[in-house]
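# Descriptive structure summary
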Amino acid sequence: MRLRLRLLWIIFSSFWRKHLGVLDESVLTLRVLPNDIDVLKITDDRYLALMDLGRADLAARTGLAKTIARRKWAPLATSACIRFRYPLKAFQSYELRTRIVYWDDHTFYLLQHFERNHRKVATGYVCATFLGASGPVPPQQILAELRSTAACPDKPDIVSQLQQIDALIHFQQKDAA
């Protein structure tokens, strides 16, 4: 996480921002700062770091951050993919929208959009889990900790594709070891 000041602001501001349910959308209004850009536009790797902020906001505003701290769980993005459409340039403001679209027995699947003037400039998907002392924490346990009665949304087609890609990469990692 290379965005410590922004992260601190998100955590601090979560105390007065609206509480979110597990399936609600987090919306952060951000601005491209000089340390976000290479020569003219936001760097590709910075998008992934900014996506961490969106997930942190969602965790803080759903109450998950308190549970993570109390239980000493470690959040882990197990895989991520992003599609860029339009560049974000220095000092432009934009919104980062984050929401959970699905979960299975091991993983939460999140959709994250970068938008400027109501136009999507980049879309990313992240597979995320939490590690406890004895290994991965099942999403059902996390939801129980949050006292959430949210039903799992229908599985989007893209999640099936992400699971296939993740399985292929995992297989190749085992094969290379």
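Predicted, not measured: the structure shown is a model, and the values here were computed from it.

## Some details on the overall build of the protein
Within the protein, the regular secondary structure consists of five helices and six strands. Counting from the amino terminus, the protein carries its helices and strands in the arrangement α-β-α-α-β-β-β-β-β-α-α. Taken over the C-alpha atoms alone, the protein extends approximately 45 × 45 × 30 Å along its principal axes. Of all 177 residues assigned to the protein, the portion counted as buried reaches 40%. For the protein, the distance from the average site of its 25 positive side-chain charges to the average site of its 17 negative ones is 6 Å.

## Some remarks on the side chain of Asp-57
If you trace the backbone, Asp-57 turns up in helix H2 (residues 44-62). Accessibility expressed as a relative area gives 0% for Asp-57, which makes it buried. Dropping the residues within four chain positions of it, Asp-57 is found in contact with Ile-10, Arg-17, Ser-26, Val-27 and Leu-28.

## As for the nonpolar core
Leu-50, Leu-88, Phe-114 and Phe-130 are the most contacted members of the largest nonpolar core, which totals 36 residues. Elements with a contribution of two residues or more to this core: helix H1 (4-13), strand E1 (26-31), H2, helix H3 (64-71), strand E3 (93-103), strand E4 (108-116), strand E5 (119-132) and helix H4 (139-145). Per-element accounting of this core gives the leading share, eight residues, to H2. For Leu-88, the contacting residues outside a window of four places in its chain are Val-32, Lys-41, Ile-42, Tyr-47, Tyr-94, Phe-114, Arg-116 and Val-121. In terms of nonpolar packing, the next biggest core, distinct from the first, is built from eight residues, Tyr-102, Leu-111, Tyr-125 and Cys-127 among them.

## Regarding the packing of aromatic side chains
Between two aromatic rings, the relevant description is the distance of the centres plus the angle of the planes. Across all of its chains, the model carries nine aromatic pairs by this definition. Between Trp-9 and Phe-12, the aromatic rings sit 6.0 Å apart at their centres with planes inclined by 45°, giving tilted as the arrangement. Residue Trp-9 and its partner Phe-12 are both found in helix H1; the two are separated by three residues, about one turn of the helix. The exposure class assigned to Phe-12 is partly exposed, which follows from its relative accessible area of 47%. Connected via pairs of aromatic rings, a cluster forms that spans Tyr-47, Phe-84, Tyr-94 and Phe-114.

## A look at the state of the cysteines
Counted by the stated rule, this structure contains zero disulfides. Take Cys-127: it sits in no disulfide, and the sulfur closest to it among the cysteines is that of Cys-81, at 7.5 Å. Distance from the sulfur of Cys-152, which forms no disulfide, to the nearest cysteine sulfur (Cys-127) is 13 Å.

What counts and what doesn't
Residues numbered from 1 in each chain as written. Predicted model: local features only at pLDDT ≥ 70, side-chain atom pairs only at ≥ 80, totals over all residues. Heavy atoms only, no water. Helix = DSSP H or I, 4+ residues; strand = E, 2+ residues; numbered from the N terminus. Buried < 20%, exposed > 50% of the residue type's maximum accessible area, 1.4 Å probe, protein only. Lys, Arg positive; Asp, Glu negative; His and termini not counted. Charge placed at Lys NZ, Arg CZ, Asp CG, Glu CD. Contact = heavy atoms within 4.5 Å. Core = buried A, V, L, I, M, F, W, Y, C linked by side-chain atoms within 4.5 Å. Phe/Tyr/Trp six-rings, centres within 6.5 Å; stacked < 30°, edge-to-face > 60°. Disulfide = S-S within 2.5 Å.

Geometry only, nothing functional implied.
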